[in-house]
Every structure is written in C-alpha cells, then in structure tokens.
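# Fold and contact review
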Amino acid sequence: MTLFFSSYGQKAMTFKEAELRGKSFQHLDSLYKSAVHSNADLAVFKSSEEQAELQKSYITLIKDLATFLKSKDFKWEKPTRCFNRIYFNPTGKIDYFLYNFPKDQIEPEKEKEFDRLLNLFAKDYKFSLKADENFAQCSPIKYTD
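Structural notes, computed from the coordinates. Treat the numbers as computed from the prediction; the structure is a model and nothing was measured.

### Some details on the packing of helix 4 (residues 48-71) against helix 5 (residues 108-124)
In contact at an axis separation of 10 Å, helix 4 and helix 5 are set at 120 degrees when each is read in the N-to-C sense. Between helix 4 and helix 5, the interaxial angle falls into the category oblique. Like other packed secondary-structure pairs, helix 4 and helix 5 cross with a definite hand, here right-handed. Of the residues in helix 5, those in contact with Leu61, Asp64, Leu65, Phe68 and Leu69 of helix 4 are Phe114, Leu117, Leu118, Leu120 and Phe121.

### Here we look at unusual backbone geometry
Despite not being glycine, Asp73 shows a phi value in the positive range, around 60 degrees. Since its relative accessible area comes to 62%, Asp73 is described here as exposed. Positive phi is not limited to glycine here, since Glu77 has a value of about 75 degrees. By relative accessible area, which is 65% here, Glu77 ends up exposed.

### A few points about the state of the cysteines
Applying the stated rule across the entire model yields 0 disulfides. Looking at the unpaired Cys82, the closest cysteine sulfur is the one in Cys138, lying at 12 Å. The exposure class of Cys138 is partly exposed, given its relative accessible area of 30%.

### Re helix 5
Compared with the 24 Å implied by 1.5 Å per residue over 17 residues, the 25 Å span of helix 5 between its first and last C-alpha is a close match. Of the residues making up helix 5, those classed as buried are Lys110, Phe114, Asp115, Leu117, Leu118, Asn119, Phe121 and Ala122. Residues of helix 5 that are buried sit in contact with strand 1 (12-14), helix 4, strand 4 (94-100) and strand 5 (135-143).

Each value, and the rule that gives it
- Residues numbered from 1 in each chain as written.
- Predicted model: local features only at pLDDT ≥ 70, side-chain atom pairs only at ≥ 80, totals over all residues.
- Heavy atoms only, no water.
- Axes fitted to C-alpha atoms, helices over the stretch in contact; angles between N-to-C directions.
- Helix = DSSP H or I, 4+ residues; strand = E, 2+ residues; numbered from the N terminus.
- Parallel < 35°, antiparallel > 145°, perpendicular 65-115°, else oblique.
- Left-handed = near helix turned anticlockwise from the far one by under 90°.
- Contact = heavy atoms within 4.5 Å.
- Buried < 20%, exposed > 50% of the residue type's maximum accessible area, 1.4 Å probe, protein only.
- Disulfide = S-S within 2.5 Å.
- Expected span 1.5 Å × (residues − 1).

This is how it looks when you write it as structure tokens:
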C-alpha cells in the first residue's frame with residue numbers, strides 16, 4: 001500500500017518507467033500537442049513571437065530546476081547529458097516530466113536522487129506560459145554544477 005501511495009503523485013520518471021505505467025510518450029503525445037512544430041497548424045505556439053516566448057520560458061524552467069537541485073545540495077560532478085519531454089496542462093502546471101539519461105551517463109544512486117528531487121520540483125512548478133490546450137516541449141539538456 002505504501003509503495004502505491006508514494007508513487008501515486010509521481011510526475012517525473014524515465015521514458016521506460018512511463019511506458020511501464022501505461023504513460024508512454026506516444027500515448028502522452030496523443031493527448032498533448034507539440035508546443036512548436038515545423039507545421040504551424042500542428043503547434044500550440046504558432047507565431048515567431050510566441051515561439052520566442054516559449055523558448056525564453058523553457059530556459060527559465062531549466063534554470064529554475066538547476067537552482068532547485070543546487071539548493072538541495074545535488075551535485076552532478078561532471079557534465080551529464082539527458083533528454084527531457086515535459087507535458088504541461090493549459091495553466092502551465094507540469095503533468096509529466098519524462099527524462100532519459102544515455103547508458104552509463106549517471107550512477108543509479110544519483111539518478112534515484114535526481115528523480116526524487118525532480119518530482120518535488122515538478123509537483124509545484126508553474127511554467128510561465130499558458131495555452132488554450134495541453135502542450136509538450138522536449139529538448140536535450142546537458143546538466144552541470
């Protein structure tokens with residue numbers, strides 16, 4: 001019972017874990033429109049001004065995450081590559097934050113602590129942009145101290 005309860009509110013997880021929970025990125029992509037797309041009809045943020053604002057807000061999110069991790073004494077110890085796909089509701093709340101580290105990029109204990117802290121961060125984070133519908137944004141990231 002405790003295990004079920006503690007994972008109930010989980011927002012952040014690896015792509016593999018999401019798939020095991022029935023929340024594969026393919027499934028989530030069917031529920032969340034791309035924030036940007038080469039075909040503007042398929043994007044939530046269509047104009048170049050909206051896309052510039054999205055980029056600015058996304059950079060702020062990544063910086064806010066880095067500040068949060070630092071405040072919790074989390075140290076990367078070396079540049080660490082990761083791929084993120086974040087799913088937002090129209091108010092800017094994070095519904096899901098999927099991530100993937102390349103094989104052997106991070107120690108299992110460090111990844112477990114990153115996951116714990118990322119879930120704390122995602123629980124209350126509010127993206128500065130709002131939209132008329134659910135949207136998703138992804139990118140590769142290189143985390144550093």
